[in-house]
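Examining the three-dimensional arrangement
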Amino acid sequence: MSGSTIQGLTLYRPKIGKRIPTFLTNEDVDRLLNAIDADYDLKLSDRQIIDSKILWLKDVILFGVGTGLRLSEITSLRWRDVDFVSGFLTVRNHETFRTKSGHERSIPLVGDALSTLTKRKESSATLTGDWVFTNGKGNRLISGYVLKRFKFYVRLAKLPEEFHFHTLRHTCASWLAQNGVSLLTIQKILGHSDFRDTLIYSHL
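Definitions and cut-offs
- Residues numbered from 1 in each chain as written.
- Predicted model: local features only at pLDDT ≥ 70, side-chain atom pairs only at ≥ 80, totals over all residues.
- Heavy atoms only, no water.
- Buried < 20%, exposed > 50% of the residue type's maximum accessible area, 1.4 Å probe, protein only.
- Helix = DSSP H or I, 4+ residues; strand = E, 2+ residues; numbered from the N terminus.
- Pairing = 2+ DSSP bridges.
- Expected span 1.5 Å × (residues − 1).
- Arc of directions from axis to C-beta.
- Core = buried A, V, L, I, M, F, W, Y, C linked by side-chain atoms within 4.5 Å.
- Contact = heavy atoms within 4.5 Å.
- Phe/Tyr/Trp six-rings, centres within 6.5 Å; stacked < 30°, edge-to-face > 60°.
- Lys NZ or Arg CZ within 6 Å of the ring centre and 35° of its normal.
- Salt bridge = Lys/Arg side-chain N within 4 Å of Asp/Glu carboxyl O.

This part is about the pairing of strand E5 (residues 105-108). Of the two faces of E5, the one holding Arg105 and Ile107 is buried and the one holding Ser106 and Pro108 is not buried anywhere. By the bridge criterion, 4 bridges tie strand E4 (residues 88-91) to E5 in an arrangement that is antiparallel. From the neighbouring strand, Thr90 faces E5, where its bridge partner is Ser106.

In structure tokens:
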């Protein structure tokens, strides 16, 4: 990291070209979740064959906003990585996944993230395998499919086209910053190896 030093304090500059990230409001998240519910109810009433499936996407969205995990980290999360006693989950490297930085990290489980995992753990449909998030058939989620379905409901909810799944990660960090959480803590939660990546939230 590069920065200037003034009287013993190192002042880090955000990376050149880094823009202030777009993030969702509470109302945006509600609109997105309501769009999923409405679409599910419509297709169910028409007796269409659906991914029942698509309701799993609501859990993924709430969990993404609550933890700031990348999509690849969410789809690779296993129950053995979740510790309800300590209230933390661990993003681990394993045979089918490696973190972006190569380092493992622990994430606190609070609010919607904790309630989402508790609900899924209590659901018999999710106890057949080790993956925390699965589709309606109990199979591990494929990132490309999640991205496609997420974008579909962003448009259905008439939210800005610039909202992508990664916006959930920015939303988590932005909400933390707005609630007074330190940038160093946000850096640890997001797993940024360079503090300048976290500085884009300093305006909040």
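Turning our eyes to something else, we now look at the sheet that holds strand E3 (residues 82-83). Read from one edge of the open sheet, 3 strands run E3-E4-E5, paired in antiparallel fashion. Both edges of this open sheet fall to E3 and E5, since each of them pairs with a single strand only.

Side chains of residues three or four places apart in an α-helix project in the same direction, reflecting 3.6 residues per turn. With 12 residues, helix H4 (residues 111-122) should cover 16 Å at 1.5 Å per step; its first-to-last C-alpha distance of 17 Å lies within 8% of that length. Turning to H4, its buried residues number three or more, namely Ala113, Thr116, Leu117 and Arg120. Take H4 and look down its axis: the buried residues cluster within an arc of 95°, on one side only. In H4, the exposed positions that point more than 90 degrees away from the buried face belong to Gly111 and Glu122.

Attention now moves to the environment of Ser101. Relative to the elements of secondary structure, Ser101 occurs in the loop between E4 and E5. Note: C-alpha distance between Ser101 and Ser193 (92 residues apart in sequence) is 6.6 Å.

This brings us to the nonpolar core. Core analysis: the largest hydrophobic core is formed by 40 residues, its most contacted members being Phe63, Leu89 and Phe133. Setting aside chain neighbours within four positions, we find Leu89 in contact with Phe63, Thr67, Leu69, Leu77, Asp81, Val82, Arg105, Ser106, Ile107 and Leu109. Counting residues in each nonpolar core, the second largest holds 6 residues, with Ala177, Ile186, Leu190 and Tyr201 among its members.

Here we take up the pairing of E4. Here E3 runs beside E4; their pairing, made up of 2 bridges, is antiparallel. Across the sheet, residue Asp83 finds its bridge partner in E4, namely Phe88. Following E3, the chain reverses through 4 residues before pairing antiparallel with E4; Gly87 in that reversal takes a positive phi of roughly 80°.

All right, on to the packing of aromatic side chains then. Scanning the entire structure with this criterion turns up 5 aromatic pairs. A centroid spacing of 4.9 Å and a plane angle of 85° characterise the contact between Phe152 and Tyr153, whose relative ring orientation is edge-to-face. Overall, Tyr153 belongs to the buried group, its relative accessible area being 1%. In this structure, Lys121 is placed above the aromatic ring of Trp79, and the distance from its NZ or CZ to the ring centre is 4.6 Å. Against the face of Phe152 rests Arg149, its NZ or CZ located 4.7 Å from the ring centre.

Let's shift gears to the pattern of salt bridges. In total, this model carries 11 salt bridges according to the counting rule given. Across the pair Asp81 and Arg92 runs a salt bridge whose closest N-O atoms are separated by 2.9 Å. Linking Asp81 in the loop between helix H3 (71-75) and E3 with Arg92 in the loop between E4 and E5, this pair joins segments that are 11 residues apart in sequence. The exposure class assigned to Arg92 is partly exposed, which follows from its relative accessible area of 31%. The residue Arg155 makes a salt bridge to Glu161 at a minimum N-O spacing of 2.6 Å. Glu161 sits in the partly exposed class, given a relative accessible area of 43%. Beyond isolated ion pairs, a larger network of salt bridges with shared partners links Asp59, Lys119 and Arg120.

To continue, consider helix H7 (residues 183-190). All of the buried residues in H7 are Ile186, Gln187, Ile189 and Leu190. Buried residues of H7, seen end-on, are gathered within an arc of 165° and therefore sit on one face of the element. Pointing more than 90 degrees away from the buried face of H7 are the exposed residues Leu184 and Lys188. Buried residues along H7 sit against helix H2 (56-67), E5, helix H6 (166-178) and helix H8 (195-198). In the segment just after H7, Gly191 is the residue with positive phi, at about 80°.

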